[in-house]
Number of protein chains: 2
Amino acid sequence: MANSKYVYFFGAGQTEGKKEMKSLLGGKGANLADMAEMGIPVPPGFTITTEVCDLYYKNNRSYPKEILEEIQKNLVKLEKTMEKKLGDPVDPLLVSVRSGAAASMPGMMDTILNLGLNDISVLGIAKKTNNERFAWDAYRRFIQMFGNVVMGVEHAVFEEALHNAKKTKGIEFDTELDANDLKKLVDTYKKLIKKEKGIEFPQEPKKQLQMAIDAVFGSWNNPRAISYRRLNDIKGLLGTAVNIQSMVFGNKGETSGTGVAFTRNPSTGEKKIYGEFLMNAQGEDVVAGIRTPQQIEQLAKVMPQCYKEFMDIAGRLENHYKDMQDMEFTIEEGKLFFLQTRNGKRTAAAAVKAAVDMVNEKLITKEEAIMRVQPSSLDQLLHPQLDPIAKKKAKIIAKGLPASPGAAVGEVVFTAEHAMAETEKGKKVILVRQETSPEDIEGMNAAKGILTARGGMTSHAAVVARGMGKCCVSGCGDIDVDEKSKQFRIKDLVVKEGEFITLDGSTGEVFLGKMPVVDPEMSGNFVTLMKWADEFRKLKVRTNADIPRDAEVAVKFGAEGIGLCRTEHMFFEGKRIKAVREMILASDLDGRKKALAKLLPYQKSDFTGLFRIMGERPVTIRLLDPPLHEFLPQEDKEIMELSKEMKVPVDKLKIKIAELHEFNPMLGHRGCRLGITFPEITEMQARAIFEAAIETGAKPEIMVPLVGHLKELQNQKEIIVRVAAEVMDKKKKKIDYKIGTMIEVPRGALVADQLAKEAEFFSFGTNDLTQMGCGFSRDDSARFLKQYVELGIYDKDPFQTLDKEGVGQLIKIAVEKGRSTRIDIKLGICGEHGGDPSSIEFCHIVGLSYVSCSPYRVPIARLAAAQAALKNK
Amino acid sequence: MANSKYVYFFGAGQTEGKKEMKSLLGGKGANLADMAEMGIPVPPGFTITTEVCDLYYKNNRSYPKEILEEIQKNLVKLEKTMEKKLGDPVDPLLVSVRSGAAASMPGMMDTILNLGLNDISVLGIAKKTNNERFAWDAYRRFIQMFGNVVMGVEHAVFEEALHNAKKTKGIEFDTELDANDLKKLVDTYKKLIKKEKGIEFPQEPKKQLQMAIDAVFGSWNNPRAISYRRLNDIKGLLGTAVNIQSMVFGNKGETSGTGVAFTRNPSTGEKKIYGEFLMNAQGEDVVAGIRTPQQIEQLAKVMPQCYKEFMDIAGRLENHYKDMQDMEFTIEEGKLFFLQTRNGKRTAAAAVKAAVDMVNEKLITKEEAIMRVQPSSLDQLLHPQLDPIAKKKAKIIAKGLPASPGAAVGEVVFTAEHAMAETEKGKKVILVRQETSPEDIEGMNAAKGILTARGGMTSHAAVVARGMGKCCVSGCGDIDVDEKSKQFRIKDLVVKEGEFITLDGSTGEVFLGKMPVVDPEMSGNFVTLMKWADEFRKLKVRTNADIPRDAEVAVKFGAEGIGLCRTEHMFFEGKRIKAVREMILASDLDGRKKALAKLLPYQKSDFTGLFRIMGERPVTIRLLDPPLHEFLPQEDKEIMELSKEMKVPVDKLKIKIAELHEFNPMLGHRGCRLGITFPEITEMQARAIFEAAIETGAKPEIMVPLVGHLKELQNQKEIIVRVAAEVMDKKKKKIDYKIGTMIEVPRGALVADQLAKEAEFFSFGTNDLTQMGCGFSRDDSARFLKQYVELGIYDKDPFQTLDKEGVGQLIKIAVEKGRSTRIDIKLGICGEHGGDPSSIEFCHIVGLSYVSCSPYRVPIARLAAAQAALKNK
């Protein structure tokens, strides 16, 4: 310990830290040191390291003596540098105290300004600045901040006193309070603190400082900070650093001012300084919105010298950090200070443009450009968005899950039929359902957006909507859907059929009324960045698409094949569903074969359509998967209709439906189990695939679902191979095809070495693998998974981000075992996780060949795959 | 090949085979060789090896020349030995041809007798034996057998001709046909063969022999034989052997005869020759039942010399094979021949008595005695059985799954309430349900037996019935239950409420009417054998028991603890269910706590009861597992009743029930997920356990169900540990307790190294582990699993016999990982598999500490565990 250094000075040519010391000094501290080192005017100060935070906790919330001494030494050094003393009655040093961990962390205590003021030094400041009001306002603000964040007095307590003061005087704005008013307010504040906490506001500046430092370290482990770290997966940090910095004031008169600026436009990415400032103001005034700030360009007129210096430094900072900077500055009596700089937050559009521009400017490499853009943010570029300004003013009436991104505005309808009817009339509608079922597909397609009361991120509504690239908010438990009375309810609010609502599928928010929507625009920069990403990624990116329209969208977005074509989605349309039902209701093999013969031409034309669009690209077709009861109606009215249509007595229908009922359909008679008990279904599907492939010259990959046992695969493969030979014989043409299997049953992963004897490829169905591996159904887990994530049992919803620790083990086992039998086995993933960046990185690491995701996530997957490759070089 | 020997001679001092050559000569061939070697009079012959069968198939159903030559050489040798020639017109050699693999296999071709007869040699035999009728009858029988099994003419074709012959003559029995009739019949038979098959019955004896040999080898791969091997898990055999043996005749007059005998009584195990014989008869006459055979003791009077020799040889055989023998013998003109001996099939009672007796006789060791008894057969000793003679005559009206063994007779009732009401009146009832639910428990308890139309071997009905030791036939798809009309239907048969039916839960058979039932009797031999088993087994045997009655039964059967006490079963009784429902319907924490406070004393008294019975033995208590909706009624009528009782509006109740509805309850809000979202439930249960344990001095083991993630276990453990401390503090008494977890979610097995940090024991819940690992629900899989087993996809129903290849891997992983963290972790199994002998062997091999099974399977588990230990020494 004796050799350690716990405090690092910065500024005035005495800087000790370096920007590489981020884990020790925190992001803010390292940046301040770095700026000071660059010769940028930074108010001097010092940083207490993150190690001290760690020791503070290990030491039962106290400090070893050496550390206190080191802080004291640095304070003296700062006093010398500034030629002022903390608590000096005539010309006191004032400091700010700020937290700053290695990662940005909104949950912690942020800032205390003006520390060092007390009943005496306030008078010195007043005299020194010749501005009594400034002095008392600074003191008032200090007590309020300190009282709140250090001493724990509710913010509202101070606000009420402030409000009363203004009311008494009959004024509206804080700025209308004069020195005397503020002096009184200071007195009131001090009394309030005493009353609330039973102790006096500390007058001794060193005590103020120590208490502020304690508060910063204490805030590291407050519940908000802990939960923020958990939610954002921030791990392995020692703690926060504390930055103590001499104060500069932008409100010392007309040659003082303060502002914030970005080196490029954070909305568009345009390479042009973008910022605002206010003369004679403190930082918080810019944010508070009481006075309207000026555009940064105006500074050139107001203080040309400062402006030139500012522009010069901003340029240096961007070049230095090689990224768009978000800067805070203050001008104190004509002198410019930089208080902070950091990489600026930006919209996806800005991120893409800035990244591409910077490569062109030779500021960064392509690799760096790729790493600069958050893959998931690309969604913004592909979907309509709510106008951000309108959104700020709008009232959220409910919040559900952000199931499928984009924005949608429309009249509320409650049934799929109604959605289709209204859309045909040219209306825009939002389909609101308790939950959707496969029979709603056409209605979902017609609607602009979908809102459901139940179901998670991978519920039927969510999955289908994402496939369609359609806005969807699912699992919105706040709403109470009453289809019969054609209305839904949110507590006391009733929304009726025909009323307008607006959905934000990117956030899960639901708004009442119509809101303006901004259409997406895909720029050339986007295309450029995607091209670069393609140069680096190792994973191929395919799409999950069942119909030509989806396939077309996906190809436009760069899909290199279809990783999952679900054949059953094709079964729900018009005449097909009739033939499907005939098959299900047939009492014997002959009846089933007759119905299947009717389905064959439909299936064949489906595949022909897909094959034509995909051309040379591989297309993986999954054989029938869902349990048969999904194709039968469940409600009396529909059963009656079906009875008439099919000329089957209602009673008989009901018996059949009851027979097919399953307690746990997820674990029931589905997947290859259907093809094994009804081999004629597999036969028909194989025939349709091969006939279509021969016509189009495609190379289909046929995938057997839900395989857990080698013999299941053998059984189905035998049928497929036989039908292939029959069709090729008949058509006198040979084609290449592959047979593979889903790995979605845990047992399948465990016996992958056996399966690979027969399977030429594996595709991981991570939805089911998660359901069975973790033992919770995606439809039912909403009830507890949300709480699980809140409690930190799972870091993230395992249906969104692959559970690497558990389900990931099954994937690793299957990859290893599969390769042990068949070295060149093709390995892909086609669950929802195929479009999730963190899951994609996992796929890259375990060495899969491709990921497959919904069409609108293809660009995200391409970028994420490139980032995974760069990160894991 | 030149060095190989393909044919082995036996008899007349020239025996070449040995009993150790069973895999080469088949069981029959090895035994014949062995008997011949012992000097027992066996008609000489030779055995063609199983290798020839293998070569026959490899050689495209033909034989290498050397083999044909070797057969010819042995035939010549046999002719020399017998001093007769095949096809000789004066004194022809006749032979039998029999199949015989290394394992007994009813699916194959069995026997051809009298081979060598033709139109000419039949005359020689007639003359030589001076018995024309005998000769023509032998010839007639030979053509019929040969025509059927070798040439493939339907058995019925010959039977019809025989029937016509008798009809024409106006007689009833075959024996009434004279030589002339038989001569005509031979002619008819030959014509029928020509008509049916287009070829003549072969007159050349060598051709007859070759065709018979081909037929035996051909039968090795007929569908029945293949399916028999699959069903009985017979693997790794080369094929069948063929035994060609000179014929001896028991029907050559009054000094000839034939019989079958056991060295001990196969029903009781009594050490006394048990058998029957008929003079002047062939083997099939004994079986056919036309003449009544005599008891073997009578032979002493009829042919004292033969009897003495027979008794002497029987004794030698038993001593030689050290097991009860099942023998066939023939006396030809005063000379005794043994045709076959094998270990005799026996009842469980006989098996136990014989095994124990033989140890006392110093014939075998204790280890051998233990291996002699089929564990699963012990069920017979513990449950009432149908009278076997009555059963032979009874008509089976339906067949379901043998869900819980024993027999039951009673009047049909359709509801649990009715079952209880009738039982109170002193009636015996059978509860017939579509499927049972937890609410039926009391009714199931009241009934003598349970019959359900749906649900597999591990359905609710099956599991609960086995726990109660009550007869149950489940998944009886033939019956169509109509509760409303109070009847069930099997095709055209209607069975009404109040009619008597009889169930055999050991076979799944359902009979109409009352049948006599034999009560079980546990003999001292049983107790002795169990004691020996306990000396050798390594696995402890515990029981699954929820209530004192079950625990008492299990302790009586030797249970060493409770491996699984399901706390929820206690919730369904009378007043408790009300409190449970109050808890579920409570809208807030306070409401739940109030309801839980009412449940606490019930739970406590449940545990006190169990702890008192179990004394020092460990008791593992599983916290609440099923989803809450299982405790609410689903039908309108019951909901109305509940509404009145609870004073909650029907609408509100329905909303709550709908809210709790789950698509896949198996993968829903259950297990520790309940305890995590409602920690107050865990608290109440922990409190009840600890208060009861302190009162009784028990050492409870608390088991957290459905854990998939370390943090789930930590969450629940924290509550349990806290409550334990609180209760011990309050009662001022310390007790030992353990906290562990179920391993039943695949993820749990995969992260077992982490779980073992917190868990002091694991208990494998192999029902759920199978459901989730294989991805099929036990309730729904009946629809396809039966076919799966028929198709050989799974060798056995994985809910009955552990799927070692798949689910077994998860267990192995969990055992290894668990021990890697906590070397002395206690490992058990509490799924249904804990009572299945083959699964128990697996548990022994992977090194579990104990198995836990339903009370009535405890003896089975004890014996199976001993056998596992002996087999895997």
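Structure's up top.
Quick summary incoming for the structure in this document. None of these values were measured; they are calculated from a predicted model. Residue positions within a chain follow its written sequence, with the count starting from 1. For naming, the first written chain is A and the first written ligand is 1, with later ones following in the order written. Owing to the predicted nature of the model, reporting of local features is limited to residues with pLDDT of at least 70; listing and counting of side-chain atom pairs is limited to 80 or more, with chain, interface and lining totals taken over all residues. For the side-chain quantities, the full set of heavy atoms in the structure was used; hydrogens and water were omitted.

### Some points on the overall build of chain A
Link 1 in the chain: Per the convention used, a helix needs a DSSP run of H or I reaching at least four residues, while a strand needs a run of E reaching at least two, with both numbered from the N terminus. When helices and strands are counted, chain A shows 35 helices and 33 strands.
Link 2 in the chain: Along the three orthogonal principal directions, the C-alpha set of chain A runs to about 105 × 60 × 55 Å.
Link 3 in the chain: Residue burial is assigned from relative accessible area. The probe radius is 1.4 Å, only protein chains are included, and a residue is buried under 20% of its type maximum, exposed over 50%, and partly exposed in between. Within chain A, the proportion of its 873 residues that are buried is 59%.
Link 4 in the chain: Here, two residues are considered to be in contact whenever any of their heavy atoms come within 4.5 Å of each other. The long-range fraction of contacts in chain A, counting pairs at least 24 apart against all pairs at least 6 apart in sequence, stands at 69%.
Link 5 in the chain: Positive: Lys, Arg. Negative: Asp, Glu. His and the chain ends are not part of the count. Charge positions come from single atoms, namely NZ of Lys, CZ of Arg, CG of Asp or CD of Glu. Charge centroids of chain A, computed over 126 positive and 120 negative side chains, lie 2 Å from each other.

### What to know about the relation of the copies chain B and chain A
Both copies of the chain are placed relative to one another by a rotation about an axis and a shift along it.
Link 1 in the chain: To superpose the copies, least squares is applied to the C-alpha atoms of every residue with a pLDDT of at least 70 in both. For the pair chain B and chain A, the superposition axis carries a translation of 0.2 Å, the fit reaches an RMSD of 0.2 Å, and the rotation angle comes to 180°. Between the two chains, the operation in question is that of a two-fold axis.
Link 2 in the chain: The residues that chain B uses at the interface reappear at the interface of chain A in 100% of cases, marking a shared surface.

### Some words on the sheet that holds strand β6 (residues 111–115) of chain B
Residue and element names in this part refer to chain B.
Link 1 in the chain: Taking strand neighbours across the sheet as the criterion, the 5 strands line up as β1-β2-β7-β5-β6 in an open arrangement whose pairing is antiparallel. For this open sheet the edge positions go to β1 (7–10) and β6, each flanked by a neighbour on one side alone. Neighbour-to-neighbour, the strand axes of the sheet open up by a mean angle of 20°, direction not taken into account.
Link 2 in the chain: Two strands qualify as a pair provided DSSP detects at least 2 bridges between them. Where strand β5 (residues 95–100) meets strand β7 (residues 241–246), 6 bridges bridge the pair, whose relative direction is antiparallel. For G100, the partnering residue across the bridge sits in β7 and is A241. Think of each axis as a best-fit line through the C-alpha atoms, taken over the contacting stretch in the case of a helix, with angles from 0 to 180 degrees between the N-to-C directions.

### What to know about the interface of chain B and chain A
Link 1 in the chain: In this assembly, 53 residues from chain B lie in contact with 53 residues from chain A.
Link 2 in the chain: Buried area counts how much accessible surface, traced with a 1.4 Å probe, disappears from two parts once they are put together, with both parts' losses summed. Across the chain B/chain A interface, buried area totals approximately 4800 Å², and carbon plus sulfur atoms make up 51% of it.
Link 3 in the chain: Broken down residue by residue, the surface that chain B buries against chain A is led by F663, L667 and R783 of chain B, which jointly contribute 14%.
Link 4 in the chain: Definition used for salt bridges: Asp or Glu carboxyl oxygen within 4 Å of a side-chain nitrogen of Lys or Arg. Counting every contact that joins chain B to chain A gives 7 salt bridges.
Link 5 in the chain: With its nearest N and O atoms 3.6 Å apart, the salt bridge here joins E662 of chain A to R783 of chain B.

### Quick look at the sheet that holds strand β20 (residues 480–482) of chain A
Residues and elements named next belong to chain A.
Link 1 in the chain: Ordered in space as β20-β21-β22, the 3 strands form an open sheet in which the pairing is antiparallel. Unpaired on one side and paired on the other, β20 and β22 (493–496) mark the two borders of the sheet. Ignoring strand direction, the axes of neighbouring strands in this sheet form an average angle of 20°.
Link 2 in the chain: As paired elements, β20 and strand β21 (residues 487–490) share 3 bridges and run antiparallel to each other. By the bridge assignment, D482 is partnered in β21 with Q487.

### Looking at the pattern of salt bridges
Where side chains of opposite charge bring their charged atoms close, a pairing between them can arise.
Residues and elements named next belong to chain B.
Link 1 in the chain: Counted by the stated rule, this structure contains 119 salt bridges over all chains.
Link 2 in the chain: Of the charged contacts in the structure, one is a salt bridge between D137 and R133, with a shortest N-O distance of 4.0 Å. Taken together, the positions of D137 and R133, both in helix α5 (residues 132–150) and 4 residues apart, correspond to about one turn of that helix.
Link 3 in the chain: Given the relative accessible area of 5%, D137 is considered buried.
Link 4 in the chain: You can call R133 partly exposed: its relative accessible area is 25%.

### A short note on the environment of H569 of chain B
Link 1 in the chain: Relative to the helices and strands, H569 of chain B resides in the loop between β27 (562–566) and α22 (574–585).
Link 2 in the chain: With 97 residues separating them along the chain, H569 of chain B and M666 of chain B place their C-alpha atoms 17 Å apart.

### Details of helix α27 (residues 679–696) of chain A
All names here are of chain A.
Link 1 in the chain: The end-to-end C-alpha separation of α27 is 26 Å, in line with the 26 Å expected for 18 residues at 1.5 Å each.
Link 2 in the chain: Extensive coverage of α27 is indicated by the burial of 13 of its 18 residues.
Link 3 in the chain: Where α27 ends, the next residue or the one after it, G697, has phi of about 80°, a positive value. For a helix, the expected span equals 1.5 Å multiplied by the number of residues minus one.

### So, the pairing of strand β5 (residues 95–100) of chain A
Here is the key point about a regular strand: its side chains alternate between the two faces of the sheet.
Link 1 in the chain: With respect to burial, β5 of chain A is a largely interior element, 6 of its 6 residues being buried.
Link 2 in the chain: Taking every second residue as pointing to the same face, both faces of β5 of chain A are buried, with V95, V97 and S99 of chain A on one and S96, R98 and G100 of chain A on the other.

### What about the packing of helix α6 (residues 155–169) of chain A against helix α7 (residues 179–197) of chain A?
Residue and element names in this part refer to chain A.
Link 1 in the chain: Their axes nearest at 10 Å, the elements α6 and α7 cross at an angle of 145°. By crossing handedness, the relation of α6 to α7 is classed as right-handed. Across the interface between the two elements, V157, F158, A161, L162, A165 and K169 of α6 pack against D181, L185, T188, Y189, L192, I193 and E196 of α7.
Link 2 in the chain: Each residue gets one of three labels, nonpolar for Ala, Val, Leu, Ile, Met, Phe, Trp, Tyr, Cys and Pro, charged for Asp, Glu, Lys and Arg, and polar for the others, Gly among them. Here the residues of the contact of α6 with α7 sort into 9 nonpolar, 1 polar and 3 charged. Two helices crossing with the near one rotated counterclockwise from the far one by less than a right angle form a left-handed crossing, whereas a clockwise rotation gives a right-handed crossing.

### Regarding unusual backbone geometry
Residue and element names in this part refer to chain A.
Link 1 in the chain: Of note, N130 is a non-glycine position whose phi angle comes to about 55°, a positive value.
Link 2 in the chain: Within the element layout of this structure, N130 appears in the loop between α4 (121–129) and α5 (132–150).
Link 3 in the chain: With relative accessibility at 69%, the residue N130 sits in the exposed group.
Link 4 in the chain: You will see that K647, though not glycine, has its phi angle at about 55°, which is positive.

### Concerning the packing of aromatic side chains
Note on aromatic pairs: each is described by the distance of the centres and the angle between the planes.
Link 1 in the chain: Any two rings among Phe, Tyr and Trp, with Trp reduced to its six-membered ring, count as a pair given centres within 6.5 Å; such a pair is stacked if its planes are under 30 degrees apart, edge-to-face if over 60, and tilted if neither. All told, the structure shown has 48 aromatic pairs over all chains when counted by the stated rule.
Link 2 in the chain: Summarising the aromatic geometry, the rings of F557 of chain B and Y856 of chain B are spaced 5.3 Å apart at their centres and angled 70° between planes, so their arrangement reads as edge-to-face. Pair noted here: F557 of chain B is in the loop between α21 (548–556) and β27 and Y856 of chain B is in the loop between β33 (850–853) and α35 (858–871), with a separation of 299 residues, a long-range link.
Link 3 in the chain: Here Y856 of chain B falls in the buried class, since its relative accessible area comes to 18%.
Link 4 in the chain: Pairwise contacts between aromatic rings join W136, Y139, F142, F146 and F201 of chain A into one cluster.
Link 5 in the chain: One cation-aromatic arrangement involves K335 of chain A over F337 of chain A; the distance from NZ or CZ to the ring centre is 4.7 Å.
Link 6 in the chain: Its guanidinium or amino end placed over the ring of W220 of chain B, R229 of chain B lies 3.8 Å from that ring's centre, counting from NZ or CZ. Only when the NZ atom of a Lys or the CZ atom of an Arg is both within 6 Å of the ring centre and within 35 degrees of the ring normal do we say a charge sits over the ring.

### Considering the side chain of T341 of chain B
Link 1 in the chain: Looking at where T341 of chain B falls in the secondary structure, it is placed in strand β12 (residues 335–343).
Link 2 in the chain: Setting aside residues no more than four positions away along its own chain, T341 of chain B makes contact with N31, M35, L317, Y321, Q325, D326 and M327 of chain B.

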